[in-house]
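Coordinate analysis (summary)
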Amino acid sequence: MTARARGFTLVELMIAMAITATIGAMTIGSFAQIDRASQAARAQGERYAAARLALTRMAREVSMTFLSDNFDQGRFHNERPTLLVGREDRILFSTMAHVRLYQDAKESDQSIVEYTVEADPDAAGEEAIFRREKVHFDDEPDRGGRKDLVASHVRGLTFSYWDPQRGEWAREWSTKAVEHSSTLPSRVRFDLEMQLADGRTERFVTEARIAIRTPLGYGK
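The notes below deal with the structure included here. (Residues numbered from 1 in each chain as written. Predicted model: local features only at pLDDT ≥ 70, side-chain atom pairs only at ≥ 80, totals over all residues. Heavy atoms only, no water.)

Glancing now at the overall build of the protein chain. Counting its secondary structure elements, the protein chain contains 1 helix and 9 strands. Seen in sequence order, the protein chain has helices and strands lined up from the N terminus as α-β-β-β-β-β-β-β-β-β. For the protein chain, buried positions account for 34% of its 220 residues. Long-range pairs, those at least 24 residues apart, make up 56% of the contacts in the protein chain with a sequence separation of at least 6. Put simply, the protein chain shows about 14000 Å² of open surface, and 52% of that area lies on carbon and sulfur atoms. (Helix = DSSP H or I, 4+ residues; strand = E, 2+ residues; numbered from the N terminus. Buried < 20%, exposed > 50% of the residue type's maximum accessible area, 1.4 Å probe, protein only. Contact = heavy atoms within 4.5 Å. Areas by Shrake-Rupley, 256 points an atom, 1.4 Å probe, with all protein chains shown as cover.)

Let us look at the side chain of E133. Of note, E133 is situated in strand β4 (residues 127–134). A polar atom in the side chain of E133 sits 2.7 Å from the side chain of H98. (Polar contact = N/O pair within 3.5 Å; in protein donor to acceptor, adjacent residues only side chain to side chain.)

Bringing the nonpolar core into the picture now. Counting 27 residues, the largest nonpolar core has I91, I129, F190 and L192 as its most contacted members. Counting residues per element, the ones that place at least two in this core are α1 (10–63), β2 (90–95), β3 (111–119), β5 (146–163), β8 (187–195) and β9 (201–209). Setting aside its immediate chain neighbours within four residues, L192 contacts A51, L55, I129, V154, G156, L157, E202, R203 and F204. Grouped together as the second largest cluster of nonpolar side chains are 6 residues, L83, L92, F137 and L216 included. (Core = buried A, V, L, I, M, F, W, Y, C linked by side-chain atoms within 4.5 Å.)

A few words on the packing of aromatic side chains. Evaluated as defined, the whole model comprises 5 aromatic pairs. Residues Y48 and F204 carry aromatic rings whose centres are separated by 5.7 Å and whose planes lie at 80 degrees to one another, so their mutual orientation is edge-to-face. Of the two residues, Y48 sits in helix α1 while F204 sits in strand β9, which places them 156 residues apart along the sequence. A residue is classified by how much of its surface remains accessible, and Y48, at 23% relative accessible area, is partly exposed. Geometry around F130 places K147 over its ring, the cationic atom sitting 5.5 Å from the centre. Over the ring of W169 we find R189, and its NZ or CZ is 4.4 Å from the ring centre. (Phe/Tyr/Trp six-rings, centres within 6.5 Å; stacked < 30°, edge-to-face > 60°. Lys NZ or Arg CZ within 6 Å of the ring centre and 35° of its normal.)

Inspection of every chain in the model, using the stated rule, returns 20 salt bridges. We note a salt bridge from E88 to R171, for which the minimum N-O separation is 3.1 Å. Taken together, the residues E88 in the loop between β1 (84–86) and β2 and R171 in the loop between β6 (168–170) and β7 (173–174) connect sequence positions 83 residues apart. For E88, a relative accessible area of 32% translates into the label partly exposed. In this structure, E118 and K147 form a salt bridge, with 2.8 Å as the shortest nitrogen-oxygen distance. Taken together, the residues span a long stretch of sequence, with E118 in strand β3 and K147 in strand β5 at a distance of 29 residues. Overall, K147 belongs to the partly exposed group, its relative accessible area being 45%. Taken together, the shared-partner salt bridges in this structure form one network comprising R57, E61, R131 and E133. (Salt bridge = Lys/Arg side-chain N within 4 Å of Asp/Glu carboxyl O.)

All right, on to unusual backbone geometry then. Of note in this structure, D104 is not a glycine but carries a positive phi near 65 degrees. Locating D104 in the fold gives a position in the loop between β2 and β3. Despite not being glycine, H153 has its phi angle at roughly 60 degrees, a positive value. Structurally, H153 can be placed in strand β5.

Looking now at the side chain of T65. The topology assignment puts T65 in the loop between α1 and β1. At a separation of 2.6 Å, a polar atom in the side chain of T65 contacts the main-chain carbonyl oxygen of S94. Residues in contact with T65, not counting those within four places in the same chain, are L83, L84, F93, S94, T95, L184, I210 and I212.

Here we come to the environment of T175. Examined against the element boundaries, T175 turns out to sit in the loop between β7 and β8. Residue class for T175 comes out buried when judged on its relative accessible area of 6%. In contact with T175, other than residues within four places in its own chain, are L67, T82, L83, L84, H180, S181, T183 and L184.

Shown next as structure tokens:
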């Protein structure tokens, strides 16, 4: 006599379903943790990349700053339109690093650039680095031009200027002042503090060496 085929009882089915649901929940939880870790790593990498890009750009443009005695003295009232005016929290300078974005643009390689740290309009309580560029020289270098956000989540940005005469870092430098009217600092240091995605504040430091420190005098 053969044994009668026996199926699963309701209790056994409920236990199997509970085990399957538990395994599924654990699997979903593992994937969620991996996704959160991946997002955190990407956000962290983006902050590092933003800091490096901002410093690289600033260093490149400052390294190509210049002064020139070749200008229309009548138009500019004998005051040189090329300059470097720097404080601890901002820097305004003439540079040969301008990049023309449009074909046949009526622009040269020269421009006026200013870097500042100001409130981020897109994030309350946050600060950001802003870059203002003016592609045509006039007698108001501190006004006009186009202003763009360079890096956000900034906790601080400090500029320092190396004075080779004194052999020390200066907190300010101005070619509009008598002391430095005809010379540029040999180096400019950028000390950037940025908040990372994990809440830590990281410090990034780099320097730019200025190639041409004395005024250019074409035609002399």
